[in-house]
Amino acid sequence: WLGRQVEEKAIRRIIDGVYEKHVYSKVDMTYYEKYEDDNIISLMFYVNKKKKFSNSMELEGYTITYDKHTGERVPMSRYLNINLEQLQDALNNSQAYAVDGLDNGVNLSKRIPYVSHNYFICHDGSIGLLYQAGDLMEVEAGACKIVVSPETIAKVNELNKANE
């Protein structure tokens, strides 16, 4: 089944990219299927790494959206074209929302530092942007996400298309 092959390919790619047996003594990974239909599958991964001779774990988040027919990764630009100012405005005007690593709604105390292209598709048509621990909030909050509503996606995509 192609969907399962795509998932296995994604898992191998991530583990190969983060596991260096000379640096880490332990690597654990959890993944979630965020969205799937006949054409695409959107996955989110959390990788916990423990360095040798250390008691602390490092958390990293990854997302991969694949075209199930080609097996190729789908760039975020197919679904969302947004710049940093538009993303910050969407968040400030409740057209997007932020959640911490446990998916609790949060108010960010600092400005968004960049537009993450580490994205996933939600079942309601929203797009989630995954940020690494420490990028949006303190490291203890985990890998935080900004979720952009379908209405905002349509609005910024139309605006940015007209400005091309």
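Owing to the predicted nature of the structure, the values given are computational and were not obtained by experimental measurement.

A. Here's a closer look at the overall build of the protein. In terms of helices and strands, the protein carries three helices and eight strands. Written out in order from the N terminus, the α and β elements of the protein read α-β-β-β-α-β-β-β-β-β-α. Within the protein, the proportion of its 164 residues that are buried is 43%. Here the contacts in the protein between residues at least 6 apart in sequence split such that 56% fall between residues at least 24 apart. Surface summary for the protein: the accessible area is close to 9400 Å², and the carbon and sulfur share equals 48%.

B. Main features of helix α3 (residues 150-162). Here α3 is 13 residues long and its end C-alpha atoms lie 18 Å apart, about the 18 Å a rise of 1.5 Å per residue gives. Restricting attention to buried positions, one finds in α3 the residues Thr152, Ile153, Val156 and Asn160. Considered in projection along α3, the buried side chains sweep an arc of 100° and stay on one side of the axis. The exposed set on the far side of α3, more than 90 degrees from its buried face, consists of Glu151, Glu158, Lys161 and Ala162. Here the buried face of α3 lies against α2 (84-92), β7 (127-130) and β8 (145-148).

C. Representation of the environment of Lys155 in the model. Relative to the helices and strands, Lys155 is located in helix α3. Counting along the chain gives 73 residues from Lys155 to Ile82, while the straight-line C-alpha distance between them is 9.8 Å.

D. Highlighting the nonpolar core. Leu80, Leu87, Leu108, Ile112, Leu129, Leu136 and Ile146 are the most contacted members of the largest nonpolar core, which totals 28 residues. Of all the secondary-structure elements, those providing two or more residues to this core are α2, β4 (96-99), β6 (119-121), β7, β8 and α3. Tallying contributions element by element places α2 first for this core, with three residues. Discounting chain neighbours no more than four positions away, the residues touching Leu80 are Ile127, Leu129, Val148, Ile153, Val156 and Asn157. Ranked by size, the runner-up nonpolar core spans seven residues in total, among them Tyr46, Phe120, Cys122 and Leu130.

E. Molecular detail of the pairing of strand β2 (residues 40-51). Summarising burial for β2: nine of the 12 residues are buried, a large majority. Summarising the sheet, β2 and strand β3 (residues 57-67) pair through 11 bridges and their orientation is antiparallel. Bridged to Lys49 within β3 is Glu58. Two successive antiparallel strands, β2 and β3, enclose a turn made up of five residues, where Phe53 displays a positive phi of approximately 65°.

F. Structural context of the pattern of salt bridges. Evaluation of the coordinates by the stated rule reveals two salt bridges. Lys145 is the partner of Asp103 in a salt bridge, and the nearest nitrogen-oxygen pair spans 3.0 Å. Of the two residues, Asp103 sits in the loop between β4 and β5 (105-106) while Lys145 sits in strand β8, which places them 42 residues apart along the sequence. Using a relative accessible area of 48% as the deciding quantity, one classes Asp103 as partly exposed.

G. Here's a closer look at α2. Gln86, Leu87, Gln88, Ala90 and Leu91 are the residues of α2 that are buried. Contact partners of the buried residues in α2: β4, β7, β8 and α3. For α2, the capping residue at the N-terminal end is Asn83, with a side-chain oxygen 3.1 Å from the backbone nitrogen of Glu85. Backbone geometry just after α2 places Ser94 at a positive phi near 60°.

What counts as what
- Residues numbered from 1 in each chain as written.
- Predicted model: local features only at pLDDT ≥ 70, side-chain atom pairs only at ≥ 80, totals over all residues.
- Heavy atoms only, no water.
- Helix = DSSP H or I, 4+ residues; strand = E, 2+ residues; numbered from the N terminus.
- Buried < 20%, exposed > 50% of the residue type's maximum accessible area, 1.4 Å probe, protein only.
- Contact = heavy atoms within 4.5 Å.
- Areas by Shrake-Rupley, 256 points an atom, 1.4 Å probe, with all protein chains shown as cover.
- Expected span 1.5 Å × (residues − 1).
- Arc of directions from axis to C-beta.
- Core = buried A, V, L, I, M, F, W, Y, C linked by side-chain atoms within 4.5 Å.
- Pairing = 2+ DSSP bridges.
- Salt bridge = Lys/Arg side-chain N within 4 Å of Asp/Glu carboxyl O.
- Polar contact = N/O pair within 3.5 Å; in protein donor to acceptor, adjacent residues only side chain to side chain.

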